[in-house]
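# Descriptive structure summary
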Amino acid sequence: MALFSNSPSMAELGFRTSNPTKHFLHSHGFQAKRKVPRSQKCKISSLRAIGSVGSSSSRCGYGDKLIVRSSSVLNVENKAVERESGGGGGGGGENYYDALVIGSGIGGLVAATQLAVKGARVLALEKYVIPGGSSGFYERNGYTFDVGSSVMFGFSDKGNLNLITQALAAVGCEMAVIPDPTTVHFHLPNNLSVRVHKEYSEFIAELTSKFPHEKEGILKFYSECWKIFNALNSLELKSLEEPIYLFGQFFKKPLECLTLAYYLPQNTGDIARKYIKDPQLLSFIDAECFIVSTVNALQTPMINAGMVLCDRHYGGINYPVGGVGGIAKSLAKGLAHQGSEILYKANVTNILIDQGRAVGVRLSDGREFYAKTVISNATRWDTFGKLLKGKDLPKEEENFQKAYVKAPSFLSIHMGVKAEVLPPDTDCHHFVLESDWARLEEPYGSIFLSIPTVLDSSLAPPGHHILHIFTTSSIEDWEGLSRKDYEEKKELVANEIISRLEKKLFPGLLSSIDFKEVGTPKTHRRYLARDKGTYGPMPRGTPKGLLGMPFNTTAIDGLYCVGDSCFPGQGVIAVAFSGVMCAHRVAADLGLEKKSPLLDAVLLRTLGWLRTLA
Ligand SMILES: NC(=O)c1ccc[n+]([C@@H]2O[C@H](COP(=O)([O-])OP(=O)(O)OC[C@H]3O[C@@H](n4cnc5c(N)ncnc54)[C@H](O)[C@@H]3O)[C@@H](O)[C@H]2O)c1
Ligand SMILES: CC(C)=CCC/C(C)=C/C=C/C(C)=C/C=C/C(C)=C/C=C/C=C(C)/C=C/C=C(C)/C=C/C=C(\C)CCC=C(C)C
């Protein structure tokens with residue numbers, strides 16, 4: 001069984017939208033050099049208030065999107081033919097791009113759209129049939145499932161850190177969102193139950209009611225997170241590898257920049273231990289970190305914790321009406337509206353190097369595309385291990401691979417269930433670790449559960465809910481099995497996980513299943529083209545916060561990376577930031593942004609040296 005469908009026609013089907021009741025007007029768009037004409041704005045769907053899930057209506061049908069996409073695909077294919085018959089090529093012309101982007105995950109799409117609005121001509125090449133990667137979607141039996149992400153940070157209407165909102169706004173798109181009143185409901189050992197309410201004061205009241213003796217420690221720890229969040233939120237976010245911007249920010253906001261520089265090499269667990277002594281509360285902080293970093297607090301960079309532990313209360317977690325897949329669809333559509341293109345079923349197998357510089361890519365079907373710059377949204381392991389095969393691993397990548405390993409993948413269960421199995425007021429996201437804190441980071445130890453239909457019932461047939469259940473799992477567990485054994489093992493492991501949820505949360509769950517599809521790490525590897533199906537990088541030992549994380553430039557001229565194996569790491573909002581940073585650095589190198597070669601050399605060398613300290 002496949003987690004995704006291979007059928008483009010399935011992917012082209014729009015998703016249902018709902019009654020308009022609330023708009024998030026995105027007032028913090030990036031300073032696009034080229035304004036999107038009003039007629040080209042892609043308003044994605046109508047909006048609704050929390051819980052009021054009504055009938056479907058769309059103010060921007062996906063019909064026009066379909067036309068845009070198929071015509072741009074045709075366009076690109078024609079150009080490819082031109083090139084194969086001698087036109088274009090590395091020397092310029094129609095077929096020569098400013099940037100090629102390998103992959104259309106959120107990281108790749110944000111880099112591509114940001115560059116396009118700065119005036120660059122971009123071609124994104126996606127192996128699969130729809131955009132989004134792990135933020136894509138698929139449809140089965142009337143259900144619209146999010147492939148991965150359902151917890152959306154950075155999707156509010158305020159501040160500087162609403163990077164998803166801003167990325168959409170930059171290409172003239174806005175999406176309706178449904179605020180989630182509870183980011184996550186933790187169900188932890190010793191029957192510790194904590195709901196992370198959107199309202200910060202309610203969350204603190206709930207946590208301190210469970211740990212009254214640690215009230216002061218709790219307040220001090222989370223206050224330190226706010227220091228970071230407020231500093232981040234005060235900056236204009238661009239490439240930390242571009243000196244004119246970076247020095248400008250230090251000049252405008254010295255205190256905030258120094259605050260961030262101070263926390264850059266620090267980890268969350270060390271700071272929590274300054275204020276908190278109760279081992280169970282420290283384990284709770286571990287769980288808070290684990291759900292966003294797949295490691296405990298001692299290994300989670302404090303800047304990342306500051307970002308996520310506060311954004312959920314500041315802008316809140318907001319779910320896009322119609323499902324997460326709409327974000328990538330909108331960005332892809334926005335890219336086309338900017339005159340750039342996206343080509344699907346385009347499996348890049350090689351990055352072409354000429355005299356030490358990345359000059360283009362070759363696809364599995366032999367087609368070649370050329371550009372001034374190449375941006376890879378494949379993981380750094382895939383980029384340097386597969387797309388540049390035969391080349392020596394640059395020292396910087398060796399250092400990265402010494403410091404970071406591939407996090408395990410996931411076993412994912414997408415289910416449709418009868419609505420009556422969920423008690424009233426069930427929260428949208430849950431994290432379950434039943435009895436033993438030591439199992440937090442073990443494969444299958446803890447269970448993530450998202451029920452997006454709690455917020456948007458249009459994603460399932462009437463009277464039904466979607467349950468997306470996932471738990472960490474390694475690919476080694478699933479290799480070397482016959483087809484029959486593989487299928488049987490999927491069934492067995494999935495049923496064990498579902499039974500655990502039945503026991504802990506929802507009696508009668510097994511018998512309420514209407515639809516079930518199980519994906520393993522092999523599924524993730526196959527459909528997301530991620531080595532071992534990895535969820536992203538995780539530190540091999542105790543990192544120096546974010547200091548060791550590479551940014552977007554690489555040791556190869558003209559080649560950049562974007563996505564979760566770049567600063568600041570895993571997470572949809574994190575890869576969106578990586579996309580913004582990447583586009584800014586590439587634009588400077590293309591002459592579309594200010595640049596100082598001398599300062600560049602100094603900064604890039606200093607950053608390279610700083611990373612060796614991590
Ligand atoms: N919030 C959540 O619940 C949740 C869940 C899952 C994933 N995520 C996040 O999403 C992040 C990943 O985003 P991302 O943008 O880095 O990457 P991604 O893996 O989502 O997307 C990469 C894209 O590149 C394509 N690709 C890879 N190699 C290719 C090649 N050789 N040729 C053509 N296309 C190729 C893939 O098909 C995919 O579409 C993860 O870090 C994770 O944190 C979040
Ligand atoms: C350069 C130098 C040296 C210095 C300078 C200083 C400065 C200025 C600095 C600055 C910095 C900055 C700007 C930074 C930034 C950062 C950021 C933005 C970050 C972000 C982050 C984010 C993140 C990490 C996120 C994440 C998330 C995630 C992962 C999510 C996930 C989720 C999930 C999985 C779900 C769950 C579920 C359930 C429970 C069901």
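Residues numbered from 1 in each chain as written. Chains lettered and ligands numbered in written order. Predicted model: local features only at pLDDT ≥ 70, side-chain atom pairs only at ≥ 80, totals over all residues. Heavy atoms only, no water.

Going by what an unreviewed UniProt entry lists, the protein is known as prolycopene isomerase and is assigned to Ficus carica. Under the UniProt heading Catalytic activity (unreviewed entry), the entry covering the protein gives this text: "7,7',9,9'-tetra-cis-lycopene = all-trans-lycopene". A UniProt comment under Subcellular location (unreviewed entry) is attached to the protein, and it reads "Plastid, Chloroplast membrane". (UniProt positions renumbered as here; feature names shortened; annotations may be inferred.)

## A closer look at helix 11 (residues 302-314)
The terminal C-alpha atoms of helix 11, which comprises 13 residues, lie 18 Å apart, in line with the 18 Å expected from a rise of 1.5 Å per residue. For helix 11, every residue scored as buried is listed here: Met-302, Ile-303, Ala-305, Gly-306, Met-307, Val-308, Leu-309, Cys-310, Asp-311, Arg-312 and His-313. Of the residues flanking the end of helix 11, it is Gly-316, one or two places downstream, whose phi is positive at about 85°. (Helix = DSSP H or I, 4+ residues; strand = E, 2+ residues; numbered from the N terminus. Expected span 1.5 Å × (residues − 1). Buried < 20%, exposed > 50% of the residue type's maximum accessible area, 1.4 Å probe, protein only.)

## Thoughts on the environment of Ile-327
Note on placement: Ile-327 falls in helix 12 (residues 325-337). The class for Ile-327 is buried, based on a relative accessible area of 3%. Through-space distance from the C-alpha of Ile-327 to that of Leu-109 is 9.9 Å; in sequence the pair is 218 residues apart.

## Description of the site of ligand 2
Ligand 2 sits among 32 residues. The nearest are Ile-291, Val-292, Val-308, Leu-449 and Gln-570. In isolation ligand 2 exposes 1000 Å². Once the protein is present, 94% of that is buried. Breaking the shell around ligand 2 down by element, the ones donating at least two residues are helix 8 (254-263), helix 10 (279-293), helix 11, strand 17 (429-432), strand 18 (447-450), helix 17 (572-590) and helix 18 (597-612). A per-element tally of the shell around ligand 2 places helix 11 first, with four residues. Among the residues forming the shell around ligand 2, the class breakdown is 26 nonpolar, six polar and no charged. (Near = heavy atom within 4 Å. Areas by Shrake-Rupley, 256 points an atom, 1.4 Å probe, with all protein chains shown as cover. Nonpolar A, V, L, I, M, F, W, Y, C, P; charged D, E, K, R; others polar.)

## Considerations on helix 3 (residues 106-117)
Given a rise of 1.5 Å per residue, 12 residues ought to cover 16 Å, and the 16 Å separating the end C-alpha atoms of helix 3 matches this to within 8%. Most of helix 3 is tucked away: 12 of the 12 residues are buried. Buried within helix 3 are the following residues: Ile-106, Gly-107, Gly-108, Leu-109, Val-110, Ala-111, Ala-112, Thr-113, Gln-114, Leu-115, Ala-116 and Val-117. Phi turns positive, to about 105°, at Gly-119, one or two residues after helix 3.

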